[in-house]
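Here is what each chain is made of, one letter per residue.
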Amino acid sequence: MDHRSKKKSDNQAEQAKTAAYIGFRKYASDYKSRLVSADNGRRMKEEFVYTGDYFHHGLSSEREKPVKRQTLILSLLAVIGYVAAGLIDPDAMRSFFTALPYAVMFLPIGFMAAGEYRVLREKAPYKREAFDHSWKRLRATSLAAAILAAVSLVSAVIFMAVTGAHGRDDLLFLLLMAASGGCSLEIWRVIRKECAFETLEKDGKEGNIRQK
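Residues numbered from 1 in each chain as written. Predicted model: local features only at pLDDT ≥ 70, side-chain atom pairs only at ≥ 80, totals over all residues. Heavy atoms only, no water.

### Concerning the packing of aromatic side chains
Applying the stated criterion across every chain yields a total of eight aromatic pairs. Here F96 and F97 contribute two aromatic rings whose centre-to-centre distance is 5.4 Å and whose plane-to-plane angle is 85 degrees, an arrangement assigned as edge-to-face. For the pair F96 and F97, a shared accessibility class is recorded, and that class is exposed. When the centroid spacing of 4.9 Å and the interplanar angle of 80 degrees are considered together, the rings of F131 and F197 count as edge-to-face. Of the two residues, F131 is situated in helix α6 (residues 128-163) and F197 in the loop between α7 (168-194) and β5 (198-202); the sequence distance between them amounts to 66 residues. (Phe/Tyr/Trp six-rings, centres within 6.5 Å; stacked < 30°, edge-to-face > 60°. Buried < 20%, exposed > 50% of the residue type's maximum accessible area, 1.4 Å probe, protein only. Helix = DSSP H or I, 4+ residues; strand = E, 2+ residues; numbered from the N terminus.)

See the structure below:
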């Protein structure tokens, strides 16, 4: 595939992705369609142009890489701790109030991992969809995961105190859930401390992106 064909393929993929975003009403107002000439003027095709606001994480160039690296390590530890806790068989998991928050925690942990992937992949300044699904998603889901981990952990402690269950698996479960919840909470704290989310806008005349 030559350079021109590859560029055309990339443009088509970008347009397909844009069309998918417009399918969500939340982002439809950020795009406008226009007709452009194609195939040397033999036909016209519809092209979507982003006209919405742009966003920035508020990190300096010196702090961006360290913060991303920190959230990546914390995300990996949180996911590993959560998965490992599900691979053991503690008596505390027989308690509804321990098992339910652990099961529900799968959703924020999964979305947190997806958010971290987008944080590493996307580049500033961000379109609304990219910003919502990267930094904002990571901040929200990390806090949700930490809360659910804390509920499951406290319920497990109460169960162990009432029933007298102090097996190795129970203690390991407490350790893993504390680690997973603690790492999730630290992600939320890092983003809250380091980032100052900013809304930007595009200059209609010059096309420059500036602070709103």
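### Quick look at the packing of helix α3 (residues 61-86) against α7
Helix packing for two helices is described by the angle between their axes and how far apart those axes are. Where α3 meets α7, the axes come as close as 8 Å, and the angle between the chain directions of the two elements is 155 degrees. In terms of orientation, α3 lies roughly antiparallel with respect to α7. When you trace α3 past α7, the crossing you get is left-handed. In this structure, α3 uses R63, V67, Q70, T71, L74, S75, L77, A78, G81, Y82, A84 and A85 to contact α7, whose residues at the interface are F173, L176, M177, S180, C183, S184, E186, I187, V190 and E194. The class makeup of the residues in the contact of α3 with α7 is 13 nonpolar, six polar and three charged. (Axes fitted to C-alpha atoms, helices over the stretch in contact; angles between N-to-C directions. Parallel < 35°, antiparallel > 145°, perpendicular 65-115°, else oblique. Left-handed = near helix turned anticlockwise from the far one by under 90°. Contact = heavy atoms within 4.5 Å. Nonpolar A, V, L, I, M, F, W, Y, C, P; charged D, E, K, R; others polar.)

### Structural notes on the nonpolar core
Of all hydrophobic cores here, the largest spans 32 residues; its most connected members are M105, I109, W135 and M177. At nine residues, α6 tops the list of elements feeding residues into this core. When neighbours within four sequence positions are excluded, M177 is seen to be in contact with A85, Y102, M105, A149, S152 and L153. (Core = buried A, V, L, I, M, F, W, Y, C linked by side-chain atoms within 4.5 Å.)

### Remarks on the environment of S152
Take S152: it is sitting in helix α6. Look at S152 and you get buried, because its relative accessible area is 0%. Between the C-alpha atoms of S152 and M93, which are 59 residues apart in sequence, the distance is 9.0 Å. In this view, S152 contacts F97, T98, P101, Y102, F173 and M177; residues no more than four positions away in its chain are not counted.

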